[in-house]
Amino acid sequence: MKKILLYASNIKNELINSFIINKLDERTKKNILNIEDKDLRNGYKFYKNVLSKDDLTYLNEYFTHKNFFSHETIKLFDMVEKNFFGQIQSYLGKNSKLYSISFDEIEPNKNNISDISGSWHNDNLGNNLKIYICLEGYGDCPTVLMPNKNTNNYYPNIFFNLRSLGKINKKLKKGQIELKLNTFDCAIFDTIVPHRGKYDEIKKKRKCIILNFLNVEKIEKLGFLENPKFLFFKNSKPPFRKKLPKNFIKKNNDIIAQMKKFEFFDERFLIEDKENISYLWS
Ligand SMILES: [Fe+2]
């Protein structure tokens, strides 16, 4: 019963968000139509063998310590700026910001393989770009997606949401494509399109760092500055509400000063007291 109430409340919140999201995404859809690269115009881009050996060394260090305020993050920012940020801006607009970084390690025969992300879904944020940076992979654990759905409007999907109630949908879709990540590869895709992780045939592990980007106005209007509402209905759990960070760590002013030079870094997302600091959602 509790799960069903939560399901209903999520749909209500997503519906309220969808009015804001679709309004803001109007500009993004126009950008998308002007993108020259055919794959990116269809909502994804695969970068084969784009990482260097040196990239792999510092990225593996970062994966181990997971400290956002570190020299490894600055190197990662440099690499992202050089290789991807131009494309991200051409898609989401000049005001694209990095809002979270996550670490993903999937191993065969372990119960860390999530059925939830293995089921078809979208990320309920409208146009939202993820970069997958593959530190280790053998092509047997692809992200599967439907190209060319990125210019559709976003609406909460009652069928996709059933995954929270245990109804997992892994059915093959006509026209689906697979991003088969190997070590040294990267991929960008727009999480507005239906996608899922295909973990069924994994034989060896896959290790990725995942970066998320949105147009900053969307972050502001989905909880960071304003609480989403429609008429007198309020969103009870906005995606970008301010909450106390899990990873409060000692400040390093030198690193913060270097981070501020990157266009995709937003210093308003820093939460700090006298000694400690965190970047929201990271
Ligand atoms: Fe997803």
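Computed from a prediction, not measured in an experiment: that's the story for all the values here.

### Describing the overall build of the protein
Next up, step 1: When its secondary structure is counted, the protein shows eight helices and 13 strands.
Next up, step 2: Taking 2.2 N^0.38 as the reference for a compact globule, 282 residues should give roughly 19 Å; the C-alpha atoms of the protein span a radius of gyration of 19 Å, in line with that estimate.
Next up, step 3: Principal-axis analysis of the C-alpha atoms places the extent of the protein at approximately 45 × 45 × 45 Å.
Next up, step 4: Residues counted as buried form 33% of the 282 residues belonging to the protein.

### A few points about the sheet that holds strand β4 (residues 143-145)
Paired through backbone hydrogen bonds, the strands of a sheet run either parallel or antiparallel to each other.
Next up, step 1: Taken in spatial order, the three strands line up as β5-β4-β7 in an open sheet, and their pairing is antiparallel. The open sheet has two edge strands, β5 (177-179) and β7 (195-197), and neither has a second partner. In this sheet, neighbouring strand axes are inclined to one another by 25° on average, regardless of whether the strands run parallel or antiparallel.
Next up, step 2: In terms of strand pairing, β4 meets β7 through three bridges, oriented antiparallel.

### Side note on the nonpolar core
Nonpolar side chains tend to gather and get buried jointly when the protein is soluble and globular.
Next up, step 1: Of all hydrophobic cores here, the largest spans 44 residues; its most connected members are Ile131, Tyr132, Ile133, Ala187 and Phe213.
Next up, step 2: Per element, the largest residue contribution to this core is six residues, and it comes from strand β3 (residues 129-136).
Next up, step 3: What Tyr132 contacts, discounting residues up to four positions off in sequence, is Thr143, Leu181, Cys186, Ala187, Cys208 and Ile210.

### Remarks on the packing of helix α1 (residues 2-33) against helix α7 (residues 216-224)
Next up, step 1: Closest axis-to-axis distance for the α1/α7 pair is 10 Å, and the angle between their directions is 160°. Classified by the angle between their axes, α1 and α7 sit roughly antiparallel to one another. By crossing handedness, the relation of α1 to α7 is classed as right-handed. Residue-level inspection shows Asn17, Ile20, Ile21 and Leu24 of α1 in contact with α7, the latter providing Glu217, Lys218, Lys221 and Leu222.
Next up, step 2: Across the contact of α1 with α7, the residue classes tally to four nonpolar, one polar and three charged.

### Overview of the sheet that holds strand β6 (residues 186-190)
Next up, step 1: Strand order in the open sheet formed by five strands is β1-β6-β3-β8-β2, and the pairing between neighbours is antiparallel. Among the strands making up the open sheet, the edge pair consists of β1 (44-47) and β2 (96-106). The sheet shows a mean angle of 15° between the axes of neighbouring strands, taken without regard to direction.
Next up, step 2: As defined by bridge partners, β3 adjoins β6 across five bridges and the pair is classed as antiparallel.

### Things to note about the packing of helix α3 (residues 53-65) against helix α4 (residues 71-83)
Next up, step 1: Between α3 and α4, whose axes approach to 9 Å, the crossing angle comes to 130°. On the basis of their axis angle, the class for α3 and α4 is oblique. For α3 against α4, the interelement crossing comes out left-handed. Residue-level contacts link Asp55, Tyr58, Leu59, Glu61 and Tyr62 of α3 to Glu72, Thr73, Lys75, Leu76 and Met79 of α4.

### A word on the environment of Asn109
Next up, step 1: Position of Asn109 relative to the elements: it lies in the loop between β2 and α6 (115-118).
Next up, step 2: Residue Asn109 is classed as exposed on the basis of its 7 C-beta neighbours within 10 Å.
Next up, step 3: Each C-alpha atom, one on Asn109 and one on Lys205, is 9.9 Å from the other, the two residues being 96 residues apart in sequence.

Calculation criteria
Residues numbered from 1 in each chain as written. Predicted model: local features only at pLDDT ≥ 70, side-chain atom pairs only at ≥ 80, totals over all residues. Helix = DSSP H or I, 4+ residues; strand = E, 2+ residues; numbered from the N terminus. Rg over C-alpha atoms; globule rule 2.2 N^0.38 Å. Buried ≥ 20, exposed ≤ 12 C-beta atoms within 10 Å, placed from the backbone. Pairing = 2+ DSSP bridges. Axes fitted to C-alpha atoms, helices over the stretch in contact; angles between N-to-C directions. Core = buried A, V, L, I, M, F, W, Y, C linked by C-beta atoms within 7 Å. Contact = placed C-beta atoms within 7 Å. Parallel < 35°, antiparallel > 145°, perpendicular 65-115°, else oblique. Left-handed = near helix turned anticlockwise from the far one by under 90°. Nonpolar A, V, L, I, M, F, W, Y, C, P; charged D, E, K, R; others polar.

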